[in-house]
Every structure is written in structure tokens, then in C-alpha cells.
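Coordinates in review
Chain residues, written in single-letter form:
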Amino acid sequence: MARTDAIVLGAGIVGTAIALHLAKRGLSVALIDRRGPGEETSYGNTGIIEGNTIFPAAFPRTLAALARVALKQAPAANYHLTFLPKVAPWLLAFRHWSQPVQLVDFARTMRPLFGRAVAEHEALMGEAGAAHLMRRTGWLKLYRSDATFAATARERALAEEYGAPLRVLDVEAARALEPSLNPVFRHATYMDGSTSISDPLALTRAYAARFTALGGVIVNGDARSLHREGARWRVDAAEGAVDAAAAVVALGPWSPDVLAPLGIRLPMAVKRGYHWQFRPRGNASLARPIYDADNGYCLTPMAQGIRLTTGAEFADRDAAPTPVQFDRLMPAAEGLFPLGEKIEAKPWMGSRPCFADSRPVIGAAPGQPGLWLAFGHAHWGLTLSAITGRVIADLISKTAPVIDSAPFAAERFSR
Ligand SMILES: Cc1cc2nc3c(=O)[nH]c(=O)nc-3n(C[C@H](O)[C@H](O)[C@H](O)COP(=O)(O)OP(=O)(O)OC[C@H]3O[C@@H](n4cnc5c(N)ncnc54)[C@H](O)[C@@H]3O)c2cc1C
């Protein structure tokens with residue numbers, strides 16, 4: 001049996017960044033996954049390190065917007081009818097957390113994490129020899145209607161207040177940045193402080209390689225075998241048991257699979273999302289991620305091609321993929337940018353692990369000494385992974401914390 005200081009369950013970008021931070025502090029660490037590092041949700045995302053985020057995605061504000069979602073006309077969202085009764089309590093809580101006052105609360109509470117997101121990645125990427133994966137070209141949000149643009153006024157004002165400024169551009173200025181975009185939009189905002197990753201899988205792999213170079217061990221095993229042995233935690237892996245004083249659950253959308261048997265039930269849902277990758281047509285190119293605010297999708301240049309990523313689908317995590325959102329949004333996407341042939345035969349699907357208040361859980365597991373939680377990063381798991389790694393390493397090594405992690409405690413759901 002291998003005895004270590006810490007077991008990290010889940011080698012997505014979150015778990016891998018945590019394992020790396022712990023190894024940097026001299027702990028012996030086993031990183032456990034049933035697949036290779038970064039091959040699940042952390043593979044298929046849009047690649048934006050969204051340090052400038054102010055407001056989260058919100059419940060539809062108007063009856064008309066809600067009706068479009070309900071009638072399955074909105075490109076930004078989809079749902080499985082049979083799943084609605086199961087997710088209804090979460091949706092009601094999400095509606096509560098989407099009120100203007102709660103959105104401002106989110107901005108304030110999350111700023112310590114978002115404000116450190118880019119610098120924390122820069123540091124880890126420098127150490128991991130992965131700096132070439134980061135693009136410092138910002139990201140561009142496009143608004144096709146005056147109403148959609150006007151709806152972001154409060155968010156723009158807050159961005160200024162929080163030192164995460166964005167520039168409002170007219171169509172000409174936006175096309176000066178991205179000449180291949182067709183002028184089908186009326187307004188744009190440019191977050192030049194944001195960065196993006198050209199290959200999210202390569203990033204997780206680079207962090208994993210740095211982790212093993214520091215003496216960390218990657219173990220193939222099923223996290224559901226986690227159990228307590230006296231004061232320690234143990235996982236039964238293919239190569240034998242791994243035992244540690246501390247265990248961190250960083251299993252993204254699969255975290256409940258390990259926590260429910262331990263009696264820990266947190267109100268997490270998943271927002272499923274898809275990507276499909278395309279070759280650009282002719283000489284068309286993109287230098288940065290683009291968000292079409294009226295249609296709720298992103299186009300982002302990746303090492304593999306142009307990646308189109310969708311908004312949220314409310315469905316059981318394990319239900320078969322239903323990528324119907326592409327039918328609704330492809331005319332808009334093709335009208336905006338000259339997309340060529342598809343690179344893959346079928347789209348990729350992943351599940352964003354989400355709490356209704358859009359905050360992750362980062363901290364101690366209630367009633368389980370030595371167990372730590374780091375999941376539920378929703379739309380920002382890539383963005384917040386490096387700072388989450390630092391916060392968990394601070395907590396486990398009892399170092400003065402870089403931020404106050406109280407707003408991210410699991411206990412907030414039992415108050
Ligand atoms: C379409 C889309 C676009 C997105 N765009 C962005 C973006 O631009 N920027 C951003 O910051 N975030 C984005 N996200 C969100 C981000 O991808 C996720 O929040 C993040 O990847 C979650 O990382 P994770 O490490 O928590 O989970 P994962 O990457 O899913 O890792 C969990 C790991 O646990 C392992 N695992 C599960 N069960 C077991 C088990 N029983 N035993 C062993 N191992 C197990 C899995 O194999 C996996 O490796 C996007 C998400 C989607 C779906």
C-alpha cells in the first residue's frame with residue numbers, strides 16, 4: 001500500500017492544479033483518475049481564462065425570454081422535459097440568485113477569485129513550460145440588438161468599479177480586431193485583460209507533467225472506492241491501495257458520486273454543453289474567443305480549428321447527448337463567421353458542475369475530518385483552477401490563506 005500525505009480525486013484541470021500546488025509545498029501526493037489528466041470536461045471547453053467576469057449567466061429576465069427557452073426556440077439553452085421535475089428546485093434557487101441584488105453580491109464575492117485567476121495561471125504555466133498555450137488577445141462580446149447591449153449596462157459599470165475594465169467598440173473597431181467577422185452585430189465589448197488557451201487538454205497535461213516532475217504520482221483508479229480507515233482516507237486503485245491523511249474531492253460533475261455514500265448531499269446540478277470544431281473557410285481566421293450574446297454561443301480559435309461551444313442544456317448528466325442547439329444556432333454562427341467543414345463527425349459533450357449561486361465549493365467537507373471539497377466551478381473551472389489549487393493548498397498546509405474562503409464553504413447550503 002502507498003502511503004501519501006494527500007490524495008486528490010479527479011485529474012481535471014481543477015484536481016491537477018490542486019495536486020500541483022500541494023506537490024510544490026513538499027507534500028507527497030497521489031492524483032487519482034479513471035482516465036488520463038484533462039480528458040473530460042476540462043478538454044472541451046472554450047478555453048477562456050475569464051478573470052474579468054462580473055455577472056454569471058442568469059435565469060431569463062423577461063417572460064418573452066423564458067417563453068423562448070420553454071418553447072425550445074432559444075439557441076442558448078435546451079432542456080429534457082423528463083428532467084424538469086428533478087431540476088425544478090435548483091432552477092427556482094437559480095432564479096433567486098439571478099435577481100439584480102444577488103448578481104451584484106456574486107460580483108463582490110467572486111472578485112477575490114477572478115481577480116487572481118490570470119496571474120495564478122501565468123505562474124503555473126511558466127513553471128510547467130506551458131506559457132506558449134496562453135494567448136493575451138482578450139475576448140470580444142458581440143451584441144446584435146440595442147436591447148441586448150443595453151441590458152449589460154450595470155455589468156459594464158461594475159466592471160469599471162472592480163478594476164476589470166472593458167472597452168465598448170463600434171462595429172468598425174471590432175472588425176479591425178477580427179476582420180473575418182461579418183457586420184451582423186451593432187455593438188461590441190472588448191475585455192483586453194482576459195486571456196485564452198489554445199489547447200485546454202495540453203494545459204492540463206502540462207500541469208500533470210510538472211506535478212510528476214516534482215515527485216507526484218498519477219494513479220489509475222475509481223474514486224468511488226474512497227473510504228475512511230481510522231483517521232486516514234483510502235482508495236483502492238488497480239495498482240494497490242493508496243492511503244493519505246487528507247483527501248480532496250475534485251471530480252467536477254462526478255463529485256456527488258463519491259460524496260453521497262459519505263452522507264454529503266450538496267445541491268449541485270449540471271449544465272451540459274457541447275462543442276463542434278470547424279475548419280475556417282478560405283483565409284478566414286480568429287485571434288480570440290468571440291461571444292454572440294444574442295444567441296448564447298462562443299467561437300474560439302483552438303489548436304485543432306475553430307471551436308463552437310454552446311450554452312446550457314438541463315438534462316441528466318448521464319443521459320445520451322441531444323445536440324439540438326446546433327440546429328438553432330448554426331445559421332447565426334455561419335452568418336457571423338465563415339465556418340468551413342466540420343473536423344469531427346459528431347459533437348463533444350461535457351457537463352458544467354453548477355450550484356445555483358454560481359459559486360464553487362472550496363473548503364472542508366462537513367463532518368468528515370481530513371476531507372476537502374473543490375468542485376462546482378460552473379462556467380469557470382478552467383479560469384479558477386489555479387487559484388483553487390492555491391486556496392486548497394493553503395487550507396491543507398494551514399498556511400495563512402491568500403483569500404477568505406468562507407463564501408465558498410459547503411456549510412452555506414445548510415444555513
Ligand atoms: C461547453 C463548455 C465550455 C466551457 N468554457 C469554459 C471557459 O471558456 N472557461 C472556463 O473557465 N471554463 C469553461 N467551462 C467550464 C470548465 O470546462 C469546467 O468548469 C471544468 O473543466 C471543470 O473541471 P474539473 O476538473 O472540475 O472537472 P473535469 O474536467 O470533469 O474533471 C473531473 C475528473 O474526474 C474524473 N472522474 C470522474 N469520476 C471518476 C471516478 N469514479 N473515478 C476516478 N475518476 C473519476 C474524470 O475522469 C475527470 O478527469 C466550459 C464548460 C463547457 C461544458
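Read on for an overview of the structure. Worth saying up front: this structure is predicted, and the values here are computed from it rather than measured.

Here is what the cut-offs are and how they apply
- Every chain is numbered on its own, with residues counted from 1 as its sequence reads.
- Confidence filtering applies because this is a predicted model: local features only for residues at pLDDT of at least 70, side-chain atom pairs given and counted only at 80 or more, and all residues used for totals across whole chains, interfaces and linings.
- Each side-chain value is derived from all of the structure's non-hydrogen atoms; neither hydrogens nor water enter the calculation.
- The helix count covers DSSP runs of H or I at least four residues long, the strand count covers runs of E at least two residues long, and both are numbered beginning at the N terminus.
- Polar contact criterion, stated in full: a pair of N or O atoms within 3.5 Å, where within protein one must be able to donate a hydrogen and the other to accept it, and residues adjacent in sequence count only if both atoms are side-chain atoms.
- By definition in these notes, contact holds between two residues if any of their heavy atoms fall within 4.5 Å.
- Throughout this description, buried means an accessible area under 20% of the type-specific maximum (1.4 Å probe, protein chains only), exposed means over 50%, and partly exposed covers the range between.
- When the centres of two rings from Phe, Tyr and Trp lie within 6.5 Å, Trp using its six-membered ring, the rings pair. Their planes under 30 degrees apart give stacked, over 60 give edge-to-face, and anything left gives tilted.
- Two conditions define a charge sitting above a ring: the NZ of Lys or the CZ of Arg must be within 6 Å of the ring centre, and it must be within 35 degrees of the ring normal.
- What makes a salt bridge here is a side-chain nitrogen of Lys or Arg within 4 Å of a carboxyl oxygen of Asp or Glu, nothing more.
- Put simply, a nonpolar core is a bunch of buried Ala, Val, Leu, Ile, Met, Phe, Trp, Tyr and Cys residues held in one set by side-chain atoms that sit within 4.5 Å of each other.
- Pairing between two strands requires that DSSP report at least two bridges joining them.
- The definitions used throughout rest on a 1 Å grid laid over the protein atoms alone, on which a cavity is an enclosed set of points accommodating a 1.4 Å probe that cannot get out and a pocket is an open set flanked by protein within 12 Å on both sides along at least five of seven lines; lining residues are those having an atom within 4 Å of a point.
- Grid points are joined across faces, edges and corners, and a volume is the space filled by probe spheres set on the points.
- Each residue is assigned to one class: nonpolar for Ala, Val, Leu, Ile, Met, Phe, Trp, Tyr, Cys and Pro, charged for Asp, Glu, Lys and Arg, and polar for all the others, Gly among them.
- We call a residue near a molecule or strand whenever a single non-hydrogen atom of that residue lies within 4 Å of it.
- Surface accessibility follows the Shrake-Rupley procedure with a 1.4 Å probe radius. Residue values consider only the protein chains on display as shielding.
- Axis geometry follows a simple rule: fit a line to the C-alpha atoms, using only the stretch in contact for helices, then measure angles between N-to-C directions, giving values from 0 to 180 degrees.
- Here is the rule for angles: anything less than 35 degrees is roughly parallel, anything more than 145 is roughly antiparallel, 65 through 115 is roughly perpendicular, and the remaining ranges are oblique.
- Crossings are assigned a handedness: left-handed for a near helix turned anticlockwise from the far helix by less than a right angle, right-handed for a clockwise turn.

Observations concerning the side chain of Arg-359
Within the secondary structure, Arg-359 is located in the loop between β20 (348-355) and β21 (361-364). A distance of 2.7 Å separates the side chain of Arg-359 from the backbone oxygen of Pro-407, its partner in a polar contact. Not counting residues within four places of it along the chain, the set of residues in contact with Arg-359 comprises Trp-97, Asp-105, Thr-109, Met-110, Gly-376, Pro-407, Phe-408 and Arg-412.

A word on the environment of Phe-413
Inspection of the secondary structure puts Phe-413 in the segment after α11 (381-396). Contacts of Phe-413, omitting those with residues within four sequence positions, involve Leu-266, Pro-267, Phe-355, Asp-357 and Val-361.

Side note on unusual backbone geometry
Even without glycine at this site, Ala-378 takes up a positive phi of about 50°. Considering the arrangement of structural elements, one finds Ala-378 in the loop between β22 (371-375) and α11. By relative accessible area, Ala-378 is classed as buried at 9%. For Lys-398, which is not glycine, the phi dihedral falls at a positive 50°. Within the fold, Lys-398 resides in the segment after α11. Relative accessible area serves as the criterion here: at 75%, Lys-398 is assigned to the exposed category.

A short note on the packing of aromatic side chains
In the structure shown here, the tally under the stated rule is 13 aromatic pairs. With 5.6 Å between their ring centres and 40° between their planes, Phe-106 and Trp-380 make a pair best called tilted. Placement of the pair is Phe-106 in helix α4 (residues 100-127) and Trp-380 in the loop between β22 and α11, with a sequence separation of 274 residues. Note on accessibility: Phe-106 and Trp-380 belong to one class, buried. Its guanidinium or amino end placed over the ring of Phe-149, Arg-156 lies 3.9 Å from that ring's centre, counting from NZ or CZ. Sitting over the ring of Trp-276, Lys-342 keeps its end group 4.1 Å from the ring centre.

Some remarks on the pattern of salt bridges
Applying the stated criterion across every chain yields a total of 24 salt bridges. Residue Asp-243 pairs with Arg-234 through a salt bridge whose shortest N-O separation is 3.7 Å. For Glu-313, the salt bridge goes to Arg-272, with nearest N and O atoms at 2.8 Å. Highlighted residues: Glu-313 in strand β18 (residues 312-314) and Arg-272 in strand β14 (residues 268-280), separated in sequence by 41 residues. There is no split in this pair, since Glu-313 and Arg-272 are both buried. Here the salt bridges share partners, and the residues they tie into one network are Asp-105, Arg-108, Asp-357, Arg-359 and Arg-412.

Section: the nonpolar core
Formed by 61 residues in total, the largest nonpolar core has its most connected members in Val-8, Ile-18, Trp-90 and Leu-203. Among residues more than four places away in sequence, those in contact with Trp-90 are Pro-267, Met-268, Ala-269, Lys-271, Phe-314, Cys-354, Phe-355 and Ala-356.

Details of the sheet that holds strand β3 (residues 48-49)
Strands in a sheet are paired, the pairing made by backbone hydrogen bonds, and the direction either parallel or antiparallel. Here three strands make up an open sheet; going across it, the order is β3-β9-β5 and the pairing antiparallel. In the strand order of this sheet, the two ends are held by β3 and β5 (134-135), each with one partner. For β3 and strand β9 (residues 195-197), the ladder comprises two bridges, and the chain directions are antiparallel. When the sheet's bridge partners are listed, Ile-49 is paired in β9 with Thr-195.

Some details on the layout of surface pockets
When its volume is computed, the second largest pocket comes out at roughly 460 Å³. Along the wall of the second largest pocket there are 20 residues; nearest its centre are Lys-86, Pro-256, Met-268, Ala-269 and Val-270. Those elements that provide at least two residues to the lining of the second largest pocket are α3 (84-96), α9 (255-259) and β14. Ranked by residue count, the leading element in the lining of the second largest pocket is α3, at four residues. Residue composition of the lining of the second largest pocket, grouped by class: 15 nonpolar, no polar and five charged.

Describing the site of the ligand
Surveying the vicinity of the ligand reveals 30 residues, the closest of which are Asp-33, Thr-41, Ser-42, Ala-223 and Thr-383. Burial of the ligand by the surrounding chains reaches 99%, relative to a free accessible area of 1,000 Å². Contributions of two or more residues to the shell around the ligand are made by α1 (13-24) and α11. For the shell around the ligand, the element with the highest residue contribution is α11, accounting for three residues.

Some thoughts on the packing of α1 against α4
One can describe the packing of α1 onto α4 by two numbers: an axis separation of 12 Å at closest approach and a directional angle of 70°. Our classification of the angle between α1 and α4 gives roughly perpendicular. Between α1 and α4 lies a crossing whose hand is left-handed. For the pair α1 and α4, the contacting residues are Ala-17, Leu-20, His-21 and Lys-24 in the first and Glu-120, Leu-124 and Glu-127 in the second. When the residues that make up the contact of α1 with α4 are grouped by side-chain class, the tally is three nonpolar, one polar and three charged.

Section: the pairing of strand β6 (residues 139-143)
Among the five residues in β6, five count as buried, and that is most of the element. Burial along β6 is two-sided: Trp-139, Lys-141 and Tyr-143 facing one way and Leu-140 and Leu-142 facing the other are all buried. Pairing geometry for β6 and strand β15 (residues 290-292), over three bridges, is parallel. Along β15, the bridge assignment pairs Leu-142 with Asp-292.

None of the figures reported here should be taken as evidence of function without further support.
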